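In case you want the letters, here they are:
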Amino acid sequence: MASRLHAFNRFELKYLVPVEQAAEIRDELAERMDRDLNSPVGGYGVWSLYYDTPQLRFYWEKIEGLKFRRKLRIRHYGNPDGVTDESPVCVEIKQRVNRVTQKRRITLPYGGARQLCDGREMIEHSPKESAFIQEVLELVVRLNLQPTAITGYQREALVGRNADTGLRVTFDRRIRGRDRDFHFGTPNPENRFTIPPHLSVMEIKVNERTPYWITDLAARRNLNLIRVSKYVQSIEAFGLAPRSVFHVHEAAHPQPTTTTPTTNPLSGQRQAHVAPLKAGAQ
């Protein structure tokens, strides 16, 4: 069996950008970057099921800023409608070591991923995949990991060219999710926005140094670095933990007013319990 493993390290910079401004930035970046071959016009769906302990260990490690932390997730690319046990997904361990983000993943059929992470059973694998499969299984069993939240969004991706081949910039919009019905193929799931829909998350990902022209663009457009996690945002939006100082509050980022009436983008969606504000990590 050929190895299905993939691993990479990189630095990540995140910005919270209004959707309209994100489109302008994307067009400016396109003068120096190429569209990712896997990113069609309009982007593609990314859906992730996050696992955590009953005490939300991975969540609190992020809030407290531990130098070494990790989390486990199953990720599906594309439309989740019609996902079956044969659909390809990635079982991924994402970890942070100081300022470096490390990702290790294996591509599996959805049924095999569920057998490993939910059923806590060994699956067929090659010798090269053994260490990673054993690590996932050990994490799930030792920490009693369980499905905790699903996040989903529409992503557009650009990649660097020439001297900037290690550069990747993504724009994530319509960031939403749910805290139940954890099968990707759940019909008519009750998703809700976890970040206001008029905002997008822009991520700059580099192997080593950020190109000077990228930092210049961020300065010209008054972009401010933020510490945001889609998983943390979901946990707090669904009231599973108090809201931290890192929570994106809609009141702090109001939607621009228009002259024509608009409908509530969350109408018809289940409203989560509003958790109290948390001053910050202990």
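Our subject is the structure listed above.
Residues numbered from 1 in each chain as written. Predicted model: local features only at pLDDT ≥ 70, side-chain atom pairs only at ≥ 80, totals over all residues. Heavy atoms only, no water.

**Considering the overall build of the chain**
(1) Moving on: Along the chain, the regular secondary structure elements total 6 helices and 10 strands.
(2) Moving on: Within the span of the chain, comprising 282 residues, buried residues form 49% of the whole.
(3) Moving on: When the accessible surface of the chain is summed, it comes to about 14,000 Å², and 50% of that surface belongs to carbon and sulfur atoms. (Helix = DSSP H or I, 4+ residues; strand = E, 2+ residues; numbered from the N terminus. Buried < 20%, exposed > 50% of the residue type's maximum accessible area, 1.4 Å probe, protein only. Areas by Shrake-Rupley, 256 points an atom, 1.4 Å probe, with all protein chains shown as cover.)

**Observations concerning the pairing of strand S1 (residues 5-18)**
On a regular strand, each side chain points to the face opposite its neighbour's, so the side chains alternate between the two faces of the sheet.
(1) Moving on: Bridge analysis of S1 against strand S6 (residues 100-109) gives 6 bridges, and the strand direction is antiparallel. By the bridge assignment, Asn-9 is partnered in S6 with Gln-102.
(2) Moving on: Sheet analysis places S1 next to strand S10 (residues 199-206), joined by 8 bridges and oriented antiparallel. Note that in S10 the partner of Leu-16 across the bridge is Val-201. (Pairing = 2+ DSSP bridges.)

**Comments concerning the pattern of salt bridges**
(1) Moving on: For the structure on display, the rule yields 26 salt bridges.
(2) Moving on: As a salt-bridge pair, Lys-230 and Glu-203 come within 3.1 Å of each other at their nearest N and O atoms. On the criterion of sequence distance, the pair formed by Lys-230 in helix H6 (residues 230-237) and Glu-203 in strand S10 is long-range, its members being 27 residues apart.
(3) Moving on: Here Arg-220 ties to Asp-216 by a salt bridge, and the two come within 3.1 Å at their closest N and O atoms. Of this pair, Arg-220 and Asp-216 both sit in helix H5 (residues 212-220), 4 residues apart, which is roughly one turn of that helix. (Salt bridge = Lys/Arg side-chain N within 4 Å of Asp/Glu carboxyl O.)

**Here we look at the nonpolar core**
Side chains of a nonpolar character, in soluble globular proteins, are inclined to be buried together.
(1) Moving on: Ranked by size, the top nonpolar core spans 27 residues in total, and within it Leu-72, Val-91, Val-136 and Phe-184 carry the most contacts.
(2) Moving on: The set of elements that each furnish at least two residues to this core consists of strand S3 (44-52), strand S4 (68-77), strand S5 (88-97), S6, helix H3 (110-117) and helix H4 (130-142).
(3) Moving on: When residues of this core are assigned to their parent elements, the largest contribution, 6 residues, is made by H4.
(4) Moving on: Discounting chain neighbours no more than four positions away, the residues touching Leu-72 are Leu-49, Tyr-50, Tyr-51, Phe-58, Val-91, Glu-92, Ile-93, Cys-117, Val-136, Val-140 and Leu-145.
(5) Moving on: Judged by nonpolar contacts, the second largest core, of 18 residues, contains Met-202, Ile-204, Val-206 and Ala-218. (Core = buried A, V, L, I, M, F, W, Y, C linked by side-chain atoms within 4.5 Å. Contact = heavy atoms within 4.5 Å.)

**Section: the packing of aromatic side chains**
Aromatic ring pairs are reported here in terms of the distance separating the ring centres and the angle at which the planes meet.
(1) Moving on: For the structure shown, the criterion picks out 4 aromatic pairs.
(2) Moving on: Here the guanidinium or amino end of Arg-114 rests over the ring plane of Tyr-110, the centre of that ring lying 5.6 Å away.
(3) Moving on: Positioned above the aromatic ring of Tyr-153, the side-chain terminus of Lys-230 is 4.7 Å from the ring centre. (Phe/Tyr/Trp six-rings, centres within 6.5 Å; stacked < 30°, edge-to-face > 60°. Lys NZ or Arg CZ within 6 Å of the ring centre and 35° of its normal.)

**A short note on H6**
(1) Moving on: Most of H6 sits inside the fold, with 8 of its 8 residues counted as buried.
(2) Moving on: Residues Lys-230, Tyr-231, Val-232, Gln-233, Ser-234, Ile-235, Glu-236 and Ala-237 constitute the buried set of H6.
(3) Moving on: The elements touched by buried residues of H6 are S3, helix H2 (57-63), strand S7 (146-160), strand S8 (168-178), strand S9 (192-193) and S10.
(4) Moving on: Just downstream of H6, Gly-239 is the residue with a positive phi angle, here 75 degrees.

**Points about the pairing of S4**
(1) Moving on: Burial of S4 is extensive: 7 of the 10 residues sit out of reach of the surface.
(2) Moving on: When S3 meets S4, the two strands line up antiparallel, connected through 6 bridges. Across the sheet, residue Tyr-51 finds its bridge partner in S4, namely Leu-72.
(3) Moving on: One ladder, built from 8 bridges, connects S4 with S5; its direction is antiparallel. Within the sheet, the bridge partner assigned to Arg-73 lies in S5 and is Glu-92.

**Points about the side chain of Arg-168**
(1) Moving on: Counting through the fold element by element, Arg-168 comes out in strand S8.
(2) Moving on: Polar side-chain contacts of Arg-168 include one of 2.4 Å to the side chain of Asp-36.
(3) Moving on: Side-chain polar atoms of Arg-168 contact the side chain of Tyr-44, separated by 3.2 Å.
(4) Moving on: Setting aside residues up to four positions removed in sequence, Arg-168 forms contacts with Arg-10, Met-33, Asp-36, Tyr-44, Ala-157, Leu-158, Val-159, Glu-203, Ile-204 and Lys-205. (Polar contact = N/O pair within 3.5 Å; in protein donor to acceptor, adjacent residues only side chain to side chain.)

**Concerning the environment of Asn-9**
(1) Moving on: Locating Asn-9 in the fold gives a position in strand S1.
(2) Moving on: Judged by relative accessible area, Asn-9 falls into the partly exposed class, the value being 44%.
(3) Moving on: It is 6.5 Å that separates the C-alpha atoms of Asn-9 and Lys-103, two residues lying 94 residues apart in sequence.
(4) Moving on: In this view, Asn-9 contacts Val-100, Thr-101, Gln-102 and Asn-207; residues no more than four positions away in its chain are not counted.

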